[in-house]
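# Structural characterization, general
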Amino acid sequence: MTAQYGDLDRHQRLFTKLAPLALLGLSVVLGYATAGLIMPEPWKQTTATVLVAGALLLQLSWLWIGPRHPKPNNLTLAYFVLRWAFAATLALLNGFFAFYVAAGYFDTDGMIRSRTGQRLGLFICSVPISFAQVGGIPTDGPIGWVVFGCLLIANNALLGFVRHLGEQSEERSTARAAAIAQLEQAQAENATLQAQLLVQAREAGVADERRRLAAEIHDTLAQGLTGIIAQLQAVESTSDPAVAKDHIARATDLARDSLGEARRSVQNLAPEGLSSDALPEVLRKTVAQWAERTGVRTECTVTGTTHRLHGELSATLLRITQEALANVAKHASASRVGVTLSFMDTEVTLDVRDDGVGFDPLALPVRSDSGGFGLDGMRARAERLAGSLTVEAEPGGGTAVSARVPLVVDER
């Protein structure tokens, strides 16, 4: 938008620069085509030729000098007055040179500083044009001067009206340009703020992931290793081969389970699939793998116009999905699970619903600092990205987890 205004300004400056020379050329063509009718006297033609040569030299010189004086000053005023003198004299000799006089209508503001001087400049330009409209200086009595006076008033009234419209248009353009500049600045600030928020969310996510891994190691690996040690110590303290074999079998099972938990923790540490695929594809694969592993009938649905989300959003929604499915596997005893990812105009929603045993949200035990990720952790993940997480559940009625986050598209 700002570039468009810049193009308009350049075009206007180019027009103002070339208009006097173009209008002089038009006046010369029309003036000399009618010279035999309007100024048959040789002295008039000679005078017009000399004046045209002077005006042409003035215009060509100003093409070189003018760009060095973009603002009104004494030199631009002198050029305006000298050009008017050439144009007015030529217009008195031949009315068609009034086109050259009209050049003053276009660049008065750029040549004269004060508003009063600008109005005076327009007025003196209208005088020779009004003379040209009545065929020169009236010589046929008062009627010609009355007509000239009426034309002079009409011309200046029209000039005043057009100037008023131009000033209003300029004020609107200035206000519009200022509003656009403020909007662009606000957009830049918003982009910077959004980048800062994403950096903070990434840092908070790293810290949260560390806490989650610490809690998960405590809940699974540490407890498994403790159990293995206990079983092996029991083997050392018995001489019964059958009892020892039983303890060794239990230690083996605990080791196998702990190995599986370790692999799951490593897999959840970094969603590598998001580096090559968008969230919908990774989500479908995750749900399919979970369904194959648990044997629970599971459906994954994606609605709306899909976008490649910012990496933080994709990772957060994937983590929430994984934890929700892990909770279903551990606690829900569900026979059917539905995962829905919905893209809307300004946000993305994730819904994980099951038909399991459900629970009473008000009766949940208080989770300690060393506890697992759980609902509170999923909610914290969503809130760090200015989103929210809600849970609907009742005993025997299944559970529905719904996360909502703002839509932030990956622009890469």
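Definitions and cut-offs
- Starting from 1, residues in each chain are numbered consecutively following that chain's sequence as written.
- In keeping with the predicted nature of the model, local features appear solely for residues at pLDDT of at least 70, side-chain atom pairs appear and are counted solely at 80 or more, and the whole-chain, interface and lining totals rest on all residues.
- In computing side-chain properties, one takes all heavy atoms of the structure into account and sets aside hydrogens as well as water.
- In DSSP terms, a helix is any run of H or I states spanning at least four residues, a strand is any run of E spanning at least two, and both are numbered starting from the N terminus.
- Using a 1.4 Å probe on the protein chains alone, a residue whose accessible area is under 20% of its type maximum counts as buried, one over 50% counts as exposed, and one in between counts as partly exposed.
- Contacts: residue pairs with any heavy atoms within 4.5 Å of one another.
- Residue-level accessible areas treat just the shown protein chains as cover; the underlying method is Shrake-Rupley with a 1.4 Å probe.
- The directions from the helix axis to the C-beta atoms form the arc being described.
- Here a cavity denotes grid points, spaced 1 Å and computed from the protein atoms alone, that fit a 1.4 Å probe unable to get out, and a pocket denotes an open set having protein on both sides within 12 Å along at least 5 of 7 lines; residues with an atom within 4 Å of a point are the lining.
- Grid points are joined across faces, edges and corners, and a volume is the space filled by probe spheres set on the points.
- UniProt positions are given in the numbering used here, feature names are shortened, and annotations may be inferred rather than shown by experiment.

## Re the overall build of the protein
Helices and strands together make up the secondary structure of the protein, namely 12 helices and five strands. For the protein, buried positions account for 36% of its 412 residues. The contacts of the protein with a sequence gap of at least 6 include a subset with a gap of at least 24, amounting to 69%. For the protein, the accessible surface area stands at approximately 24,100 Å², while carbon and sulfur atoms represent 61% of it.

## A look at the environment of F96
Tracing the backbone shows F96 in the loop between α4 (74–93) and α5 (98–101). The partly exposed category is assigned to F96, whose relative accessible area is 30%. Note: C-alpha distance between F96 and L30 (66 residues apart in sequence) is 6.2 Å. For F96, the residues in contact, after removing those within four places along its chain, are S27, L30, G31, T34 and I38.

## Some details on helix α12 (residues 374–384)
Along α12, the positions that sit buried rather than exposed are G374, L375, G377, M378, R381 and A382. Buried residues of α12, seen end-on, are gathered within an arc of 165° and therefore sit on one face of the element. Directly beyond the C-terminal end of α12, a positive phi value near 60° is found at A386.

## A word on empty space enclosed by the protein
This model, assessed by the stated rule, comprises two cavities of 30 Å³ or more. Residue lining of the second largest cavity: F80, R83, W84, A87, Y100, V101 and C125, and that is the complete set. Looking at the lining of the second largest cavity, the elements with two or more residues in it are α4 and α5. For the lining of the second largest cavity, the leading source of residues is α4, giving four residues.

## Quick notes on the UniProt feature "coiled-coil region" (unreviewed entry) in the protein
Within this numbering scheme, the UniProt entry marks residues 176–203 as carrying the feature "coiled-coil region" (unreviewed entry). Secondary structure across residues 176–203 divides into 100% helix and 0% strand, with the first and last C-alpha atoms of the span separated by 40 Å.

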